[in-house]
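What follows is each chain in one-letter form.
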Amino acid sequence: MKRLIVVRHAKAELLRYDITDFQRNLKKRGINDSDLISEKLKEKEIHPDLIISSKAHRALQTANHFADSLDYPREAIDQQDFLYDGFTTHDFLDHLQSKEDSIQTVMVFGHNPSIEYLAFNLLDKFYGEVPTCTAIGIDFDVASWKDIEVRTGKLSLYEFPKKYK
């Protein structure tokens, strides 16, 4: 079995005239939500073998909080430009299918609408919402990342901050 966990970045500051969208940082609420959801994953004994993140500040900051909670080294986070904007599900699968089969659990941090599209396109059925800091676990009954196909994943995890407030 291969497990993919897609995470929408946590709540970020609004776009201002003096920064680009790429430079937006997490708000205090985003930090708190990152800590909350990552702790919930830790309680569920989630241990990523690989964390991949968009290079945008808010996504990488979210990934760093999860990495800290899940005992994953920050310096090992694979930062990818393509996760910031404009990729397709097939682009994503091409990247994922290049991973070593010794890796069992991959966690990916990105942005909407792309994270939502991945959930809709990779799961056999998904009708949930994807607010900031949502983590969606998708299990694939395959031995190799190369064998993952669209709409074959099973929902194994659906965590979001308001679930606990």
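Chemist: Hey, could you run me through the environment of threonine 88 in this one?
Modeler: Looking at the element boundaries, threonine 88 is found in the loop between strand E3 (78-80) and helix H3 (89-96). A relative accessible area of 41% places threonine 88 in the partly exposed class. In this structure the C-alpha to C-alpha distance between threonine 88 and glutamate 159, which are 71 residues apart in sequence, comes to 24 Å. At 2.9 Å, the side chain of threonine 88 and the backbone nitrogen of aspartate 91 are in polar contact.

Chemist: Where do I start with the sheet that holds strand E6 (residues 154-159) in this structure?
Modeler: Strands in a sheet are paired, the pairing made by backbone hydrogen bonds, and the direction either parallel or antiparallel. Taking strand neighbours across the sheet as the criterion, the six strands line up as E3-E2-E4-E1-E5-E6 in an open arrangement whose pairing is mixed. The outermost strands of the open sheet, each flanked by one partner alone, are E3 and E6. In this sheet, neighbouring strand axes are inclined to one another by 20° on average, regardless of whether the strands run parallel or antiparallel. In this structure, strand E2 (residues 50-54) lies alongside strand E4 (residues 105-110), joined through four bridges in parallel fashion. Within the sheet, the bridge partner assigned to isoleucine 51 lies in E4 and is methionine 107. Strand contacts of helix H1 (residues 28-43): E4, strand E5 (135-140) and E6, with the helix running at about 135° to E6, the strand carrying the most contacts.

Chemist: Would you mind going over the packing of aromatic side chains with me for this structure?
Modeler: For any pair of aromatic rings, geometry is given as the distance between the ring centres together with the angle between the planes. Inspection of the entire model under this criterion finds seven aromatic pairs. Where phenylalanine 66 meets phenylalanine 109, the ring centres are 5.1 Å apart and the plane angle is 70°; that geometry is what we call edge-to-face. Placement of the pair is phenylalanine 66 in helix H2 (residues 57-69) and phenylalanine 109 in strand E4, with a sequence separation of 43 residues. For the pair formed by phenylalanine 66 and phenylalanine 109, the shared burial category is buried. Relative to phenylalanine 87, the ring of phenylalanine 82 lies with its centre 5.5 Å away and its plane at 75°, an arrangement referred to as edge-to-face. Its relative accessible area of 23% is what places phenylalanine 82 among the partly exposed residues. On the accessibility criterion, phenylalanine 87 (11% relative accessible area) is buried. Connected via pairs of aromatic rings, a cluster forms that spans Phe120, Phe126, Tyr158 and Phe160.

Chemist: I keep staring at the packing of H3 against helix H4 (residues 114-122) and nothing clicks. Help me out?
Modeler: The packing of two helices is summarised by the inter-axis angle and the distance between the axes. At a minimum axis distance of 10 Å, the contact between H3 and H4 shows a crossing angle of 80°. What the angle tells us is that H3 and H4 run roughly perpendicular. Taking contact as the criterion, the partners of Thr89, Phe92 and Leu93 in H3 are, on H4, Tyr117, Leu118, Asn121 and Leu122. Residues of the contact of H3 with H4, tallied by class, amount to five nonpolar, two polar and no charged.

Cut-off values and rules
Residues numbered from 1 in each chain as written. Predicted model: local features only at pLDDT ≥ 70, side-chain atom pairs only at ≥ 80, totals over all residues. Heavy atoms only, no water. Helix = DSSP H or I, 4+ residues; strand = E, 2+ residues; numbered from the N terminus. Buried < 20%, exposed > 50% of the residue type's maximum accessible area, 1.4 Å probe, protein only. Polar contact = N/O pair within 3.5 Å; in protein donor to acceptor, adjacent residues only side chain to side chain. Pairing = 2+ DSSP bridges. Axes fitted to C-alpha atoms, helices over the stretch in contact; angles between N-to-C directions. Contact = heavy atoms within 4.5 Å. Phe/Tyr/Trp six-rings, centres within 6.5 Å; stacked < 30°, edge-to-face > 60°. Parallel < 35°, antiparallel > 145°, perpendicular 65-115°, else oblique. Nonpolar A, V, L, I, M, F, W, Y, C, P; charged D, E, K, R; others polar.

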